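# Overview (structure and organization)
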Amino acid sequence: MRKIFLLALAACMLLFASVVQAGEITDVKWGVDKSNVLRLVVDITDSAGYAVECGDSALKLTVNANAAGQIPKTKAIRSTVADKLQVVDKSNCTEVYVHLTKQIASSDYKAFILKKDPKTGRPFRVVVDILADKKEPAKAISAGAAASTSVSNKPVVGSRPVKSTNTSVANGSKTTTTKQTVVKNKKKNNIAKEESKNTKNNNEKKVANDKKTTNKNKELPALKSNSKFRTGGGVKGKVITLDAGHGGSDPGAIGAEGTREKHITLAITKYVQELLEDEGAKVYMTRTTDVDVCGPNASDRDELQARVNVAEKNNSDLFVSLHINSSVNKNVGGFSSYYFPKTDNDLKIAQAIQQKLAKNFGVDNLGVRQANFYVIKRSSMPATLLELCFISNPREEKLMQGKWFQKKAARMIVEGIKDYFE
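Everything numeric in this text was worked out from a predicted model, so none of it was measured.

Take the overall build of the chain next. Tallying secondary structure elements over the chain gives eight helices and 20 strands in all. Within the chain, the fraction of its 422 residues that count as buried is 39%. Considering only intrachain contacts with a sequence separation of at least 6, the fraction spanning at least 24 residues in the chain is 69%. For the chain, the accessible area works out to roughly 25,100 Å², and carbon and sulfur atoms hold 52% of it.

For the rest of this paragraph, the subject is the sheet that holds strand S9 (residues 109-114). One open sheet accounts for five strands, arranged S5-S1-S2-S10-S9; its pairing is mixed. Whereas interior strands pair on both sides, the edge strands pair on one side only; in this sheet they are strand S5 (66-67) and S9. Strand direction decides the pairing type here: strand S1 (residues 24-32) and strand S2 (residues 38-44), joined by seven bridges, are antiparallel. Its bridge partner lying in S2, valine 32 is registered against leucine 38.

What follows deals with unusual backbone geometry. Phi at asparagine 36 is positive, roughly 65 degrees, even though this residue is not glycine. Relative accessible area serves as the criterion here: at 15%, asparagine 36 is assigned to the buried category. Here the phi dihedral of asparagine 315 falls at roughly 50 degrees; this positive angle occurs in a residue that is not glycine. Along the chain, the position of asparagine 315 falls in the loop between helix H4 (300-313) and strand S17 (318-325). Residue classification places asparagine 315 among the partly exposed positions, given a relative accessible area of 25%.

Turning our attention to the nonpolar core. In terms of nonpolar packing, the biggest core is built from 37 residues, with Ile240, Ile268, Val272, Leu276, Leu388, Ile413 and Ile417 touching the most fellow members. Counting residues per element, the ones that place at least two in this core are strand S15 (239-244), helix H3 (261-278), strand S16 (282-285), S17, helix H5 (346-358), strand S20 (383-390) and helix H8 (403-421). Per-element tally for this core: the top contributor is H8, with nine residues. Those residues within four positions of leucine 276 in sequence are excluded, and the remaining contacts are Val235, Ile240, Leu242, Ala281, Val283, Val414 and Ile417. In this structure, Val28, Leu40, Ala67 and Ala82 belong to the second largest nonpolar core, which totals 28 residues.

Before going further, it helps to spend a moment on the pairing of S2. Burial runs high along S2: six of the seven residues are buried. The antiparallel hairpin formed by S1 and S2 contains five residues in its connecting segment, where asparagine 36 sits at a positive phi of about 65 degrees. The sheet contact formed by S2 and strand S10 (residues 124-130) spans seven bridges and is antiparallel. What sits directly across from valine 42, in S10, is valine 126.

In space, the six strands of this open sheet follow the order S16-S15-S17-S20-S18-S19, with mixed pairing throughout. Looking at which strands have only one partner, the edges of the open sheet turn out to be S16 and strand S19 (365-370). The sheet shows a mean angle of 20 degrees between the axes of neighbouring strands, taken without regard to direction. Where H4 meets the sheet, it contacts S15, S16 and S17, and its direction lies at approximately 165 degrees from that of S15. In the packing of helix H7 (residues 394-401) onto the sheet, the strands contacted are S17 and S20, and the crossing angle to S20 comes to about 115 degrees.

Cut-offs used in this document
- Residues numbered from 1 in each chain as written.
- Predicted model: local features only at pLDDT ≥ 70, side-chain atom pairs only at ≥ 80, totals over all residues.
- Heavy atoms only, no water.
- Helix = DSSP H or I, 4+ residues; strand = E, 2+ residues; numbered from the N terminus.
- Buried < 20%, exposed > 50% of the residue type's maximum accessible area, 1.4 Å probe, protein only.
- Contact = heavy atoms within 4.5 Å.
- Areas by Shrake-Rupley, 256 points an atom, 1.4 Å probe, with all protein chains shown as cover.
- Pairing = 2+ DSSP bridges.
- Core = buried A, V, L, I, M, F, W, Y, C linked by side-chain atoms within 4.5 Å.
- Axes fitted to C-alpha atoms, helices over the stretch in contact; angles between N-to-C directions.

Right, here's the structure in full:
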């Protein structure tokens, strides 16, 4: 009887262990955002328990799952709070160490989970944010208010010259005083009158110039399509607007070898145009050369609205914007597709293209993500913004420079568009 009990207990323990450790760690990543928050992300195939401990020299994240063999054991970190990431695979768990360059308190970090999302293809994730050196966003300053701005504790010097009331200049132990410091009262009064007159004239000119500037800075109007977009019946006859990200005065992200995002997006977009036209689609391009769509002196809003307007003016059925991603972490790479859920079809087009891209290049699948990007939010038809690998990743920068990658990426985008319209 005792043997039976022990066997049953052992079987239960094995079953419990297999359930608890059902997940496998597929990736361990880090990144630093604009607020200087260091984020650690552990991707897991299924839900898993975790614990966080912080010592003097390292923060330890223990995850109740084993690490896949392809995960590097160490990674360098570029951050003000840590310099190395270490992954240690134990028999029943995995320990991830963030080696710190400074001591942090328990209030300087937070850990949480992000559940698996079948719609976007994103896995279960354990996330740790280290907030020790977080920078607060700069407060907005009203026009005309006096302000002192500093970056890295060094004052920012304005372009306007500063008039000093002290005209003496130190020269060794001697002090030289300019002749202008001794002025008769009568001369002072004359100068004051002349300055008053000049100020009045200058103010009149300023008002006139302000009126010109106000007229010149009117926002570009947002056009709207006159017809309902179509989503079925095949790609033939459909109106599609393609947007090659950046261009002209805006190079976009720049790789270590000098590769510019604006050149890669334009090259791929032209290939997409050619393939879609071969399929019978009517294609409009926001740009076909290295130019700003609205103009070199346009505001960011007007430049983006000009791209949306191309799609609206031509009553497009679909809007696709092509970009190249970038990160401070050179090891991060892969494809991602973004959508804004303004119609029932935005997610569908993002998924259709992402599936084709992710399966055909052997790089990471970062999934489909929701975002408030201007061009996909303000366009009235279904739209997606594609991030075609990372220009900051040396391997992927090499890839995107080649015609093979550009043509294949274009072909996969078109295959995804065809699937969407089927």
